[in-house]
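Structural overview for review
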Amino acid sequence: MLKKIILCFVFLNLTFLSAQSKSDDNLSMVNDGPYVFIEDDRLVEKNVVNGVLKTKDLKIDAYETTFKPEVSVYKDVEQIVALSDIHGQFDLAVEILKNNKVIDDDLNWVFGKGHLVIVGDIFDRGPKVTETLWFVYKLEKQAKAHGGKVHFLLGNHEFMVLHDDLRYIHKKYQEASKILKLRYSQLFDANTVLGKWLRSKNTMVKINDNVFVHGGISPDFLLEDFDIEVTNKLMRNSIDRDKTEMRSTDFYDRFYGQNGPIWYRGYFYDGLKDDDISKILNQISANHVIVGHCSQKEVLQLYDKKILAVDSSIKKGKYGEVLWIDAESYSRGTKDGKKIKL
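Below: a short report on this structure. These numbers were taken from a predicted model, which means no experiment stands behind them. (Residues numbered from 1 in each chain as written. Predicted model: local features only at pLDDT ≥ 70, side-chain atom pairs only at ≥ 80, totals over all residues. Heavy atoms only, no water.)

**A closer look at the packing of helix H2 (residues 90-99) against helix H3 (residues 129-145)**
Put simply, H2 and H3 touch, their axes get as near as 9 Å, and they point 35° apart. Of the residues in H3, those in contact with Phe-90, Val-94 and Leu-97 of H2 are Glu-131, Thr-132 and Phe-135. In terms of residue class, the contact of H2 with H3 is built from four nonpolar, one polar and one charged. (Axes fitted to C-alpha atoms, helices over the stretch in contact; angles between N-to-C directions. Helix = DSSP H or I, 4+ residues; strand = E, 2+ residues; numbered from the N terminus. Contact = heavy atoms within 4.5 Å. Nonpolar A, V, L, I, M, F, W, Y, C, P; charged D, E, K, R; others polar.)

Okay, here's the thing in C-alpha cells:
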C-alpha cells in the first residue's frame, strides 16, 4: 500500500514538474526529478524545483528497489502496439497513446491484456525524459495488474547515457545536473531506482513471431549463433562494463558496432535483397522484425511486411504513430487514432 501511495505521489509530482517546465528556454527555472538514490537503510529523493535542489529521506521500502531481468519471449499475445524514439517528447507520446486507446485521459492503462512495446530511445534530445521514464515505470505496473505488459527496450541512446556519452542530452538536463552536483549518467547508476530498473530491461524481445529490436539484426551479427536470451543478458551486463575494456574485445564490435542490434541501419541503406531478409528471419525463427532508430514520416513496412519501421519521428515533437499488430494484421495507428492497414 505504501508503495502505491508513493508511486501516485511521484506521478503527481512529475506531472507538476512537467507543467512547470513548459518553456524549454527558461533554463534558469529548471524543474526535474524525482531521482531516487538507494542508501544502506533509506532512500533519498532529489528534485529540482524552480532551479533549487529539494532533498528528502524516505523509508527503504518506499520504492521498489529489486527488479528481475525481463523475459525475452512471449507467446499467444492477441494485441500489440509498438512505437519508438520518443526522445523526451512526453506530451506527444501521451497524445498518441491516448488516441490509440492504450491509456485514458488520466494516463492510466486501458489496453487490457495487450502488450505495448517501446522500441528504444526514450533518452536524449527532448526536455521530458524524466517524465517519460516515470510514466513508463507506472504504466508497467498497471499493465501487469490487468494481464498486459509494457516492454521498454534499450536503444543506442539508453546505452549512450548509461556509459556517460552525454552529447545529445537536452540543455535542461545539463542545468539540472549542475544543480544536483552529479553527472547526468550518475542519476541512473546502479544505486538509483531508475538505474536498477533500466538494468532489468531487454535489448530485444520476441512476441509471437515478431522480434522487436531498436536497430536491427544484421547478417554480420548472425555470423555467430543467435540466442535472444543470451544477447539480452550480455547487453544488460555490459551496462556496467568499462567501455575501454569492452573495446579491447570482439564483444564491442559485435554488440555495440554499426552492425550490432542497437546501431544497425542496414534494412534501409544496405540494399539487402528479399532473400537476405528471409535468411535473417529463418536464423532468428521469426516472420517479422520491428525496428526503430531510422526516422520515417510514418510507420513503414518493407520487404512485404517482413521488416516494420516504427520510428515515426516523434522526436520532432509534431507527429507520430504506433504500429498495431492484431490477429496477424499489421496497421498504422495515426496520431489521431485512425487505423490504416499496411
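**What to know about the environment of Trp-134**
Mapped onto the fold, Trp-134 is located in helix H3. Judged by relative accessible area, which is 1%, Trp-134 ranks as buried. When the C-alpha positions of Trp-134 and Ile-284 are compared, they lie 33 Å apart, and in sequence the two are 150 residues distant. (Buried < 20%, exposed > 50% of the residue type's maximum accessible area, 1.4 Å probe, protein only.)

**Overview of the side chain of Lys-206**
Tracing the chain through its elements places Lys-206 in strand E8 (residues 204-207). For Lys-206, which is buried and forms no salt bridge, the nearest opposite charge comes from Asp-209, at a distance of 8.1 Å. One polar contact links the side chain of Lys-206 to the main-chain carbonyl oxygen of Ser-285, over a distance of 2.5 Å. Contacts of Lys-206, omitting those with residues within four sequence positions, involve Ser-72, Val-73, Tyr-74, Val-211, Ile-228, Ile-284 and Ser-285. (Lys, Arg positive; Asp, Glu negative; His and termini not counted. Salt bridge = Lys/Arg side-chain N within 4 Å of Asp/Glu carboxyl O. Polar contact = N/O pair within 3.5 Å; in protein donor to acceptor, adjacent residues only side chain to side chain.)

**Focus: unusual backbone geometry**
Here Gly-33 and Pro-34 are connected by a cis peptide whose omega angle stands at 5°. You can see Pro-34 is positioned in strand E1 (residues 32-38). Phi at Asp-124 is positive, roughly 75°, even though this residue is not glycine. With respect to the helices, strands and loops of the structure, Asp-124 is situated in the loop between strand E6 (115-118) and H3. Unusually for a residue other than glycine, Asp-164 sits at a positive phi of about 70°. Here Asp-164 shows up in the loop between helix H4 (156-162) and helix H5 (171-180).

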